[in-house]
Amino acid sequence: MRLSVIGCGYLGAVHAAAMASIGHDVVGIDVDEHKIAALSKGEAPFFEPGLQEILTEGIASGKLRFTTDMAEARGAAVHFVGVGTPQQKDGYAADLTYVNAAVDALVPFLAEGDIVAGKSTVPVGTAAALTEKVAPTGATLVWNPEFLREGWAVQDTIDPDRLVAGVPEGAAGERAADILREVYHPSVAKNTPFIVTDLATAELVKVAANAFLATKISFINAMAEIAEVTGADVTTLADAIGHDARIGRRFLGAGIGFGGGCLPKDIRAFSARAEELGRGESIAFLREVDAINLRRRDRAVELVVNALDGQVFERKIAVLGAAFKPHSDDIRDSPALDVAVRLKGLGANVVVTDPEAIENARRIHPQLTYVADLDEALRDADAVIVVTEWDEYRRELDPTHAASLVAQRVIVDGRNCLDAAAWRAAGFTYTGMGRP
C-alpha cells in the first residue's frame, strides 16, 4: 500500500521506516530541508536502536523516500500525520500549530476515499476540529495514536502491544478501520489487539496512558520521600508491592524522575484541556504528579551537596548520563542534564559523559564540560552521580576500577540502579534515592 508520513521527527521518521520495512511504499514529508537531506542519504537524524538498519534497507529497496514537497503525498491511500505538539510557551496547553499547518498543507492533495490518520498526541477534541478541514475533500480523518517507548520505538512500531483506531461512525469509519488493518497486517495476523473506537476515545487513550505512567513513577518517588525520613528502603518496598498483579513492578523505579518529550508536556496539556472542558478537578492530581517529579531533581542535587559536606564549589563532579533515558540521545526535559546544570550553578566543576547524547547536550548547555570517555569523567572526581541508567554504568562499571580513578569515593545513585553493597565494599560512600 502507498503511504505518506507527514512530519519526519522522532515519531514520523521511525513510522515511515518501519512501514517500509513491512512492505509498504512510503514517502516521508517534512519542511526541514536538512533533516530530509540526511534521511534521503540514509542517515538517521537521532539515535534509536534499529532505526539506521531499516532506514538504510528501505531506501535501498526503493520502498522509502523523503521529500519536502507535500504534493508527493498525492495518491497515497493513507496519510499519517506525526508532527510535534510541544507545550505552549506561555502556558501548559499543547501547541497545535504544527498539526494544523500539516493538515492545511495536505488538504489540497487529498482525494475521495483517502485516509488521514493522526498519530500526534493531541488534546481530546482536536480530531473533531480537523475533520472539518478534511471532510470537504472526501477523505476520512481517523486517529491512530502511537505508543512508542524511546529506545524501543522500532520494535514498538513493527510489533506493538495494541493498536487503536479512532474512526467516525458509519460506513466511512468501518472502511477506514479495515484499511488500517491492512496497513498493520503483520500485527493483525498475530492477533495483536486492534481496538476500534470513536475519535475522542482514541485521543484520550494516549494521554490517559501517559498520565497513568507518570502517576506511577511519581507515586514511588513520593514513597521515596517518606522512606528518606523513616529509614525505609523504597527499592524493597517497590519489589514487595510490585508482586501484587494489580500493581506490577514496572515503572516503580524511584529516582530523579521522568523527562523527555512526552510525559512532562503531555500531563500538563491534559491538565490544561481538562480545565478548558470545565473538569479540571478530575485530574487535578496531575499537578502534584508533576511537582513530585520536579522535586526529585532538587533532591538529587541536595544529596550530592550533603555527600560533600556542603562544599561543592570548584569540586569536580562526574555526571554519568545526559539523555533523559538510556538507549536514546534525546535530551528534551532531561532530568540528568537539569541536575548537571544545577550543580554547575552551585559552582561545581561538572563533567558530563553519555554514550550517545553528548553532542545534543553540548548544543543546549555549552557551559558544561563533556567527555566521551567514562574513565576521563571519573578521574579525580570528588563525587559521582548516576543520572541515566545506561548499562555502561549500572552493569559494566566496576566499583573497584572506579575507586582507582576518583579523588573521593562518593557516589550518588540517582536511578537506584547500582549494587549498593558492591560500591560500599569498594570503599564508596553510597547514597541512593529513598534508600538507607
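Owing to the predicted nature of the structure, the values given are computational and were not obtained by experimental measurement.

**Describing the overall build of the protein chain**
- Within the protein chain, the regular secondary structure consists of 18 helices and 14 strands.
- Projected onto its principal axes, the C-alpha coordinates of the protein chain cover approximately 70 × 50 × 45 Å.
- Considering the protein chain as a whole, with its 436 residues, one finds that 54% of them fall into the buried category.
- With the model as given, the accessible surface of the protein chain reaches about 18300 Å², and the carbon-plus-sulfur share is 53%.
- Taking the average place of the 43 positive charges on the side chains of the protein chain and the average place of its 61 negative ones, the gap between the two points comes to 2 Å.

**As for the nonpolar core**
- One finds Met-19, Val-26, Leu-64, Phe-66, Val-78 and Phe-80 to be the most contacted residues of the largest nonpolar core, which totals 40 residues.
- If you tally residues by element for this core, the top one is helix α1 (residues 10-21), at nine residues.
- One finds Val-312, Val-339, Val-352 and Val-387 within the second-largest nonpolar core, a separate group that totals 32 residues.

**Re the packing of helix α9 (residues 199-230) against helix α12 (residues 285-307)**
- Direction vectors running N to C along α9 and α12 enclose 50°, while the axes themselves pass 9 Å from each other. Here α12 runs oblique to α9, going by the angle between their axes. By crossing handedness, the relation of α9 to α12 is classed as left-handed. Between α9 and α12, the contacting residues are Ala-211, Ala-214, Thr-215, Ser-218, Asn-221, Ala-222, Ala-224, Glu-225 and Glu-228 on the first element and Phe-285, Leu-286, Val-289, Ile-292, Asn-293, Arg-295, Arg-296 and Arg-299 on the second.
- Across the contact of α9 with α12, the residue classes break down as eight nonpolar, four polar and five charged.

**Points about the packing of aromatic side chains**
- Taken as a whole and judged by the stated rule, the model has three aromatic pairs.
- The cationic tip of Arg-162 hangs over the ring face of Phe-147; the distance from NZ or CZ to the ring centre is 3.7 Å.

**Points about the sheet that holds strand β11 (residues 369-370)**
- Spatially, the six strands line up as an open sheet ordered β11-β10-β9-β12-β13-β14, and their pairing is parallel. Every interior strand has two partners, whereas the edge strands, β11 and β14 (429-432), have only one.
- Direction of pairing for strand β10 (residues 349-353) relative to β11: parallel, over a ladder of two bridges. Across the sheet, residue Val-351 finds its bridge partner in β11, namely Thr-369.

**Considering α1**
- Look at α1: 17 Å from first C-alpha to last across 12 residues, which is about the 16 Å you get at 1.5 Å a residue.
- Across the 12 residues that make up α1, a large majority, 11, are buried.
- Restricting attention to buried positions, one finds in α1 the residues Tyr-10, Leu-11, Gly-12, Ala-13, Val-14, His-15, Ala-16, Ala-17, Ala-18, Met-19 and Ala-20.
- Once α1 finishes, Gly-23 follows within two positions and takes phi at roughly 110°, a positive value.

**Looking at the state of the cysteines**
- Applying the stated rule across the entire model yields zero disulfides.
- For Cys-8, which is in no disulfide, the shortest distance to another cysteine sulfur is to Cys-262 and amounts to 17 Å.
- Since its relative accessible area comes to 0%, Cys-8 is described here as buried.
- Take Cys-262: its relative accessible area is 29%, and that puts it in the partly exposed class.

**Here's the deal with the side chain of Asp-156**
- Tracing the sequence through the fold places Asp-156 in helix α6 (residues 153-158).
- Not counting the four nearest positions on each side in its chain, Asp-156 is found in contact with Phe-147, Leu-148 and Arg-149.

**Side note on the packing of helix α11 (residues 263-276) against α12**
- At a minimum axis separation of 9 Å, α11 and α12 run at an interaxial angle of 155°. Relative to α12, the element α11 is oriented roughly antiparallel. Here α11 runs over α12; the crossing is left-handed. Contacts between α11 and α12 involve Ile-267, Arg-268, Phe-270, Ser-271 and Glu-275 from the first element and Leu-286, Arg-287, Val-289, Asp-290 and Leu-294 from the second.
- Here the contact of α11 with α12 is built from residues that sort into five nonpolar, one polar and four charged.

**Things to note about helix α4 (residues 97-106)**
- Buried residues of α4: Val-99, Ala-102, Val-103 and Leu-106, and no others. Taken down its axis, α4 places every buried residue within 95° of arc, on the same side.
- Considering only its buried residues, α4 is in contact with β1 (2-6), β4 (78-81), β5 (115-118) and α5 (126-134).

**Thoughts on unusual backbone geometry**
- Although it is not a glycine, Asp-333 sits at a positive phi angle of roughly 45°.
- Relative to the elements of secondary structure, Asp-333 occurs in the loop between β9 (316-320) and α13 (335-345).
- Judged by its relative accessible area of 30%, Asp-333 is partly exposed.

**Concerning the pairing of strand β6 (residues 140-143)**
- What you see with β6 is no split at all: Thr-140 and Val-142 on one side and Leu-141 and Trp-143 on the other are buried throughout.
- Taken together, the four bridges between β5 and β6 define a ladder with parallel strand orientation. Each residue of the ladder has a partner; that of Val-116, found in β6, is Leu-141.
- Following the backbone out of β5, through α5 and into the adjacent parallel β6, one traces a crossover that is right-handed.

**Remarks on the side chain of Glu-48**
- Along the chain, the position of Glu-48 falls in the loop between α2 (33-40) and α3 (51-61).
- Lys-325 is the oppositely charged side chain nearest to the buried, salt-bridge-free Glu-48, at an N-O distance of 7.7 Å.
- Here Ala-153 takes part through its backbone nitrogen, which lies 2.9 Å from a polar atom of the side chain of Glu-48.
- Beyond its immediate chain neighbours, meaning those up to four positions away, Glu-48 contacts Tyr-10, Arg-149, Glu-150, Gly-151, Trp-152, Ala-153, Val-154 and His-327.

Conventions used here
Residues numbered from 1 in each chain as written. Predicted model: local features only at pLDDT ≥ 70, side-chain atom pairs only at ≥ 80, totals over all residues. Heavy atoms only, no water. Helix = DSSP H or I, 4+ residues; strand = E, 2+ residues; numbered from the N terminus. Buried < 20%, exposed > 50% of the residue type's maximum accessible area, 1.4 Å probe, protein only. Areas by Shrake-Rupley, 256 points an atom, 1.4 Å probe, with all protein chains shown as cover. Lys, Arg positive; Asp, Glu negative; His and termini not counted. Charge placed at Lys NZ, Arg CZ, Asp CG, Glu CD. Core = buried A, V, L, I, M, F, W, Y, C linked by side-chain atoms within 4.5 Å. Axes fitted to C-alpha atoms, helices over the stretch in contact; angles between N-to-C directions. Parallel < 35°, antiparallel > 145°, perpendicular 65-115°, else oblique. Left-handed = near helix turned anticlockwise from the far one by under 90°. Contact = heavy atoms within 4.5 Å. Nonpolar A, V, L, I, M, F, W, Y, C, P; charged D, E, K, R; others polar. Phe/Tyr/Trp six-rings, centres within 6.5 Å; stacked < 30°, edge-to-face > 60°. Lys NZ or Arg CZ within 6 Å of the ring centre and 35° of its normal. Pairing = 2+ DSSP bridges. Expected span 1.5 Å × (residues − 1). Disulfide = S-S within 2.5 Å. Arc of directions from axis to C-beta. Right-handed = clockwise from strand over helix to strand, strands pointing away. Salt bridge = Lys/Arg side-chain N within 4 Å of Asp/Glu carboxyl O. Polar contact = N/O pair within 3.5 Å; in protein donor to acceptor, adjacent residues only side chain to side chain.

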